[in-house]
Amino acid sequence: MSELTGKVALVTGASGGIGSATARLMHERGARLVLSDLQDEGPAELMRELGDDARWCRCDVAQEADNAAMVQCALDSFGRIDIAVLNAGIEGRAGLIGETSLENFDRVMAVNVRGVFAGLSKVMPAMRQSGGGSIVILSSTAGRKGTPTFAPYVTSKHAVMGMMKCAALEGAAQNIRVNTVNPGPIDTRMMAAIEGDFSPDDPRAAHEAFVQSIPMRRYGTADEVARMIAFLASDEASYCTGNYYGVDGGQTS
Ligand SMILES: NC(=O)c1ccc[n+]([C@@H]2O[C@H](COP(=O)([O-])OP(=O)(O)OC[C@H]3O[C@@H](n4cnc5c(N)ncnc54)[C@H](O)[C@@H]3O)[C@@H](O)[C@H]2O)c1
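This structure is a prediction, so every number in the text was calculated from the model and none was measured.

Here is what the cut-offs are and how they apply
- Residues numbered from 1 in each chain as written.
- Predicted model: local features only at pLDDT ≥ 70, side-chain atom pairs only at ≥ 80, totals over all residues.
- Buried ≥ 20, exposed ≤ 12 C-beta atoms within 10 Å, placed from the backbone.
- Helix = DSSP H or I, 4+ residues; strand = E, 2+ residues; numbered from the N terminus.
- Pairing = 2+ DSSP bridges.
- Right-handed = clockwise from strand over helix to strand, strands pointing away.
- Core = buried A, V, L, I, M, F, W, Y, C linked by C-beta atoms within 7 Å.
- Contact = placed C-beta atoms within 7 Å.
- Axes fitted to C-alpha atoms, helices over the stretch in contact; angles between N-to-C directions.
- Parallel < 35°, antiparallel > 145°, perpendicular 65-115°, else oblique.
- Left-handed = near helix turned anticlockwise from the far one by under 90°.
- Near = placed C-beta within 6 Å.
- Nonpolar A, V, L, I, M, F, W, Y, C, P; charged D, E, K, R; others polar.

Asks: Summarise the pairing of strand β2 (residues 32–37); cite the residues concerned and give the values.
Replies: Of all six residues that make up β2, six are buried, and the element is covered over most of its length. Side chains of β2 alternate between two faces, with Arg 32, Val 34 and Ser 36 and Leu 33, Leu 35 and Asp 37 buried alike. Sheet analysis places strand β1 (residues 8–11) next to β2, joined by four bridges and oriented parallel. The residue of β2 that forms the bridge with Val 8 is Arg 32. Between the parallel elements β1 and β2, the chain passes through helix α1 (residues 17–28) in a crossover that is right-handed. With helix α2 (residues 44–50) bridging β2 and the parallel strand β3 (residues 54–58), this β-α-β connection has right-handed handedness.

Okay, structure coming up:
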């Protein structure tokens, strides 16, 4: 089991399925947390569970000032940042190229790409100050292969793979590790929204089609993704950097 005692972890998109599962698991393994999302306050039940070991900070990841404030909150609260999980993301709308709007493309890129770059820009200098750390970026199987009608999301998840590689090379000398986790379909709000968008009259049919594309014939759980994130965040993964780690039931094999 990856041990996180004494570490300070920042998680963006922490109200969501994978973000909240990651926060809970990291807390269970001993980390203190700075959590953020678009809401002014964190989910009441989650914040109650985490108690004094967690702080909440509203952060729209696409906004530079919000990222700066989130990092400052971590430094003011706990004095350092050892782990950053850049998890916030949106799926956008399905649509063929030529039919989907440029506004849809821009919105997805603003959160999924600009948001990760802005996070790295504020987190990496703070980690340099405190002797290093581990950054985990949420990419996707969509960062490794295409899907018709999903070009903006797929583009965004490929883009963060390139960003991760550059950040890993830049951070290596200062003991900053940077990796992506690439989940396949995971049972959260996001997949439910994608199913409804692909097949508005019968989301269950889209669900079945996705399941049939997965060798293990089921969606993953947010906890299964959180365990990979927690491993990469921990010292157990001390020689892992500049790489991507699938949690996808064999979908990219
Ligand atoms: N669920 C899946 O099947 C799946 C598969 C592969 C990758 N991912 C990726 O994992 C990450 C988490 O997804 P999830 O399944 O938990 O989805 P989710 O929708 O449950 O959670 C995403 C969270 O990001 C937040 N968010 C959206 N825009 C934001 C912004 N501008 N600033 C800050 N927060 C913002 C949302 O409010 C939400 O709480 C995403 O990056 C997603 O692309 C998910």
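From this point, the discussion proceeds with the structure in view.
Asks: Please provide a residue-by-residue account of the nonpolar core, values included.
Replies: Formed by 66 residues in total, the largest nonpolar core has its most connected members in Ala 9, Leu 10, Leu 33, Ile 135 and Ile 229. Among residues more than four places away in sequence, those in contact with Ile 229 are Thr 22, Val 85, Val 136 and Val 181.

Asks: Go over the packing of helix α6 (residues 189–198) against helix α7 (residues 203–212), please, and point to the residues and values.
Replies: When two helices pack together, their arrangement is captured by the angle between the axes and the distance separating the axes. Interaxial distance between α6 and α7 falls to 7 Å at its minimum, and their mutual angle equals 110 degrees. Here α7 runs roughly perpendicular to α6, going by the angle between their axes. In this structure, α6 crosses over α7, and the sense of that crossing is right-handed. On α7, the residues that touch Glu 195, Gly 196 and Phe 198 of α6 are Pro 203, Ala 206 and His 207.

Asks: I'd like a rundown of unusual backbone geometry, residues and numbers included.
Replies: For Thr 149, which is not a glycine, the phi torsion comes out positive at approximately 75 degrees. For Thr 149, the location among the structural elements is in the loop between β5 (133–138) and α5 (151–171). Accessibility expressed as a C-beta count within 10 Å gives 15 for Thr 149, which makes it partly exposed. Even without glycine at this site, Asn 175 takes up a positive phi of about 65 degrees. For Asn 175, a count of 15 C-beta atoms within 10 Å puts it in the partly exposed group.

Asks: Could you give me a rundown of the sheet that holds β1, with the residues and numbers involved?
Replies: Strand order across the open sheet formed by seven strands is β3-β2-β1-β4-β5-β6-β7, with parallel pairing between neighbours. Every interior strand has two partners, whereas the edge strands, β3 and β7 (244–247), have only one. Adjacent strand axes in the sheet meet at a mean angle of 20 degrees, parallel and antiparallel pairs treated alike. Pairing analysis gives three bridges linking β1 to strand β4 (residues 83–86), with the strands arranged parallel. By the bridge assignment for β4, Ala 9 is matched with Ile 83.

Asks: Can you break down the site of the ligand residue by residue, with the values?
Replies: Around the ligand, the surrounding shell holds 28 residues, and the nearest of these are Gly 13, Gly 16, Ala 88, Gly 89 and Thr 188. Among the elements of the structure, α1, α4 (102–129) and α6 are those that each provide at least two residues to the shell around the ligand. Here the shell around the ligand is composed, by residue class, of 14 nonpolar, 11 polar and three charged.

Asks: I'd like a description of the packing of α4 against α5, backed by residues and values.
Replies: Packing of α4 against α5 brings their axes to within 9 Å, and their N-to-C directions diverge by 15 degrees. When the axis of α4 is compared with that of α5, the two are roughly parallel. Regarding α4 and α5, the two cross each other, and that crossing is right-handed. Facing α4, whose interface residues are Asn 104, Phe 105, Val 108, Met 109, Asn 112, Val 113, Val 116, Phe 117, Leu 120 and Met 124, α5 presents Pro 152, Tyr 153, Ser 156, Lys 157, Ala 159, Val 160, Met 163, Ala 167 and Gly 171.

It is worth stressing that arrangement in space is one thing and function is another; only the former is reported here.
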